[in-house]
Amino acid sequence: MAGFPSFLPAGFLPTLLLLQVSTWCSPVSGFSVKGPAQPITVLLGADASLPCQLSPEQSAAHMQIRWYRAKLSSTVLVYQNGQEQGGEQMLEYRGRTELVGDSIGKGAVALLIQHIRASDDGQYRCHFKDGHISQEAIVELRVIGLGSAPHVYMMGPEDRGIRVLCSSGGWFPKPRVQWRDMVGVKLPSVSESQTQDGDGLFHVEASLVVTDSSLDNVTCSIQNPFSGQEKVSAIFLPEPFFPRTSPWKTALAGTLPLLVLLLVGISYTGWREHKAKEREVKKRQEESHETEKMKREKEEALRFKSKSGQQVKSEVHGKAADTERRKALYNEDWKKALLYPDWRKEHFQPALVTLNHESFHQNNSDPGREEDVREETRVLLCNKQGDCNLIKLDQKEFTSGRHYWEVDIEDTDEWTLGIYEKPTESSGLLSHLPQRKFSVLEKKGCEYRALTCSPQNIFLEEPLLIEKCPRKIVIFLDYEDRDISFYNMTDGTHIFSFTQAQFSGSLYPYFKLKSMELSHLYNIK
């Protein structure tokens, strides 16, 4: 046969042909890995199963199977020598993963991830290795987090309308916010902000200024962009809450043109009469005519003044009735209306507070002012420096009910104002100082922020934009509703509200003439 060496033995040729045929007919040792074509969608907190399959179908029990994220070193799970290997596994997946290998003999495996977190979202790579041959497939996990129902409430009057705020938390990925009127027409947000907490979940806030008083209510919907699921809340907007044009301006705009026309008419008539009399009568008659004219003008002015007085009384009475009607509507739903702090005081008890006399009198040596220091609901701030709490509570600590007190801030450049919480023995927490929790507003220069912290940790820190510097602040404490609200008494606007799941102890007022520093909190008595 051509192509074979002539020196080979005659019996070797069949053997060589048999070996060649055997090589052509042996199975191919290569394989591929297939994963699902569509992303695996799982709710936050549930369990996720990510499958992959060898092709052609064959046993994978003797292979190394590795699940990883962006690179081989970011290992989620390793299966080798018939069991899972935990040495390379990332910390965040320990105790939460498992290889489901019921069909591993057919090359089918699945990665089970328990208690899905926001950080689990993204791509995973299923990597099979058999000797020197390795193949992998990509499986995408899509995590969906449905947050809380939107909290919608009125902020106060603005730009000839009412500003309404919508907020919600616990969403993943970043949600979409949409305002609508009562017939479903979309309304654009004035502002929108989204922040991400330590667990990767999004908190969203959006505001809307409603200027059309004919809208009975507006709705705020927050939607997950992947699943399309949404949560909706609505708020009723009473027509009397919308700012109204002052009746004085309306009355002045209507009567001013009439007064001008009247004056022009009187002047013209007088000029005509004066000219006629000048030609017809003597000087004495002219003087008599002028006297008569002045008398008539005086009587007309008196009649007009009397008429205007009656009109003013009627307008004042109407304004008082309108105020009473608006106040009645406010009292029906005063918890959601974050405005009119003077009306809000009627639902709270004044707290008995005084200044800390020791700190207060360091720079006030006038003994005649000592009797004026104590006030039941109002603390007067003088420009002094100190680190300690300047407020003393002249009653039992706050463990229930609604209370309020006022603080005159004046033009101080640096201060901290709010409450601190001291756990009780029945709460199960130690009552020593490091367990105290502060919820305060802080000013330092021209910057303001809201702060919730303990001496070791900061739980909430939010910068505040305050357009008009407050000179007096009132604090409202609702123990049962777990609400602490601050209002600027200079212009009557709401500044900020703290809300939390529950109070674990007694509450005390807190105020000092410095910004919050964790190391100084140990000095609170």
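Keep in mind it's a predicted model, so treat the numbers as computed, not measured.

### Some words on the overall build of the protein
If you tally the helices and strands in the protein, you get five helices and 31 strands. Per-residue burial over the protein gives 38% buried out of 525 residues.

### What to know about the nonpolar core
Inside soluble globular proteins, nonpolar side chains tend to come together where they are buried. Counting 69 residues, the largest nonpolar core has Leu 50, Trp 67, Tyr 124, Phe 128, Leu 141 and Trp 179 as its most contacted members. Look past the residues within four positions of Trp 67 in its chain and what remains in contact with it is Leu 50, Pro 51, Cys 52, Thr 75, Val 76, Leu 77, Leu 99, Leu 111, Tyr 124, Arg 125, Cys 126 and Val 139.

### Structural notes on the sheet that holds strand 14 (residues 186–187)
Judged by pairing direction, the sheet is antiparallel, and its four strands sit side by side in the order 14-13-17-18 without closing on themselves. Each having just a single partner strand, strand 14 and strand 18 (230–236) make up the two edges of the open sheet.

### Considering the pattern of salt bridges
Overall, the coordinates contain 17 salt bridges when judged by the stated rule. Lys 335 is paired through a salt bridge with Asp 481; the nearest N and O atoms lie 2.5 Å apart. Residue Lys 335 is found in the loop between helix 3 (283–332) and helix 4 (341–344), and its partner Asp 481 is found in the loop between strand 28 (472–478) and strand 29 (483–488); the two are separated by 146 residues along the sequence. Judged by its relative accessible area of 41%, Lys 335 falls in the partly exposed class. The class of Asp 481 is partly exposed, set by a relative accessible area of 34%. The residue Glu 461 makes a salt bridge to Arg 449 at a minimum N-O spacing of 2.4 Å. Within this pair, whereas Glu 461 is found in strand 27 (residues 458–464), its partner Arg 449 is found in strand 26 (residues 447–453), the two being separated by 12 residues in sequence. Accessibility expressed as a relative area gives 48% for Glu 461, which makes it partly exposed. Taken together, the shared-partner salt bridges connect Asp 342, Lys 345, Glu 406 and Lys 472 into one network.

Rules used throughout
- Residues numbered from 1 in each chain as written.
- Predicted model: local features only at pLDDT ≥ 70, side-chain atom pairs only at ≥ 80, totals over all residues.
- Heavy atoms only, no water.
- Helix = DSSP H or I, 4+ residues; strand = E, 2+ residues; numbered from the N terminus.
- Buried < 20%, exposed > 50% of the residue type's maximum accessible area, 1.4 Å probe, protein only.
- Core = buried A, V, L, I, M, F, W, Y, C linked by side-chain atoms within 4.5 Å.
- Contact = heavy atoms within 4.5 Å.
- Pairing = 2+ DSSP bridges.
- Salt bridge = Lys/Arg side-chain N within 4 Å of Asp/Glu carboxyl O.

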